[in-house]
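Observations on chain architecture
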Amino acid sequence: MSQETLFTRIINGQIPGKFVHRDEDIVAIRDINPQAPTHVLVIPVKPLPSLAEAGPEDEALLGRLLLTAKRVAEQEGLAEGGYRLVINVGGQGGQTVPHLHVHLLGGRQMTWPPG
Ligand code: 5GP
């Protein structure tokens, strides 16, 4: 898969990003428009357009995505107080960037239901 997305451009350094984690398969960057004191996007380097496009071949990657989100939450000091992970899928799910990503939100009390 080689299509360009906003996030592949950030990963490739064409657009600046504030990285809090980076490995061969997964990166985490601070959201440009944070919705909580901590708002990080955890993103697979592979540009899957959304969770809806993930297949059985992505099982290990999806596991690593969640475990990386957990590790970044710990790194950001959120483990004790708690945090929220969000994956928006498709238009009605509120997804605006067509490259799978997990929102890590923390540092304030979350409410339910989400908007
Ligand atoms: P979605 O709406 O697709 O679930 O989330 C996309 C997220 O990407 C939004 O929270 C938005 O603020 C963030 N975003 C959009 N453009 C940029 C950018 O250029 N840099 C960073 N770091 N985040 C961005």
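1. Focus on the site of the ligand
Neighbouring residues of the ligand: 16 residues in total, closest Asp31, Asn88, Thr96, Val97 and His103. In this structure, a nitrogen atom belonging to the ligand sits 3.3 Å away from a main-chain N or O atom of Ile32. Here an oxygen atom of the ligand and a backbone polar atom of Thr96 are 2.7 Å apart. Of all elements in the fold, only helix 1 (6-11) and strand 2 (26-30) reach the threshold of two or more residues within the shell around the ligand. Take the shell around the ligand: its biggest share by element is 3 residues, from helix 1.

2. Considering a nonpolar patch on the surface
A cluster of nonpolar side chains, namely Leu51, Ile87 and Val89, defines an oily patch on the protein surface of about 200 Å² accessible area. Within the secondary structure layout, Ile87 lies in the loop between strand 4 (83-86) and strand 5 (102-106). Note on Ile87: relative accessible area 35%, which makes it partly exposed.

3. Focus on the nonpolar core
In this structure, Ala28, Val40, Val42, Leu65, Val72 and Leu104 are the most contacted members of the largest nonpolar core, which totals 15 residues. Secondary structure elements with two or more residues in this core: strand 2, strand 3 (38-44), helix 2 (59-75) and strand 5. Among the elements that take part in this core, helix 2 stands out by supplying 5 residues, more than any other. In this structure Val40 touches Val20, Ala28, Ile29, Arg30, Asp31, Val72, Val102, His103 and Leu104, once residues within four positions along its chain are discounted.

4. As for the pattern of salt bridges
What the rule picks out here adds up to 6 salt bridges. The residue Arg64 makes a salt bridge to Asp25 at a minimum N-O spacing of 2.5 Å. Highlighted residues: Arg64 in helix 2 and Asp25 in the loop between strand 1 (19-22) and strand 2, separated in sequence by 39 residues. Among the salt bridges present, the one from Asp58 reaches Lys46, with a minimum N-O distance of 2.6 Å. You can see Asp58 sitting in the loop between strand 3 and helix 2 and its partner Lys46 sitting in the loop between strand 3 and helix 2, a full 12 residues away along the chain. Accessibility expressed as a relative area gives 2% for Asp58, which makes it buried. Taking the relative accessible area as the measure of exposure, Lys46 reaches 29% and is therefore partly exposed. In this structure, a network of salt bridges that share partners links the residues Asp23, Asp25 and Arg64.

Rules used in this analysis
- Residues numbered from 1 in each chain as written.
- Predicted model: local features only at pLDDT ≥ 70, side-chain atom pairs only at ≥ 80, totals over all residues.
- Heavy atoms only, no water.
- Near = heavy atom within 4 Å.
- Polar contact = N/O pair within 3.5 Å; in protein donor to acceptor, adjacent residues only side chain to side chain.
- Helix = DSSP H or I, 4+ residues; strand = E, 2+ residues; numbered from the N terminus.
- Patch = residues over 30% accessible without salt bridge, like charges linked within 9 Å, V, L, I, M, F, W, Y side chains within 5 Å.
- Areas by Shrake-Rupley, 256 points an atom, 1.4 Å probe, with all protein chains shown as cover.
- Salt bridge = Lys/Arg side-chain N within 4 Å of Asp/Glu carboxyl O.
- Buried < 20%, exposed > 50% of the residue type's maximum accessible area, 1.4 Å probe, protein only.
- Core = buried A, V, L, I, M, F, W, Y, C linked by side-chain atoms within 4.5 Å.
- Contact = heavy atoms within 4.5 Å.

Nothing here speaks to function; it is all geometry.
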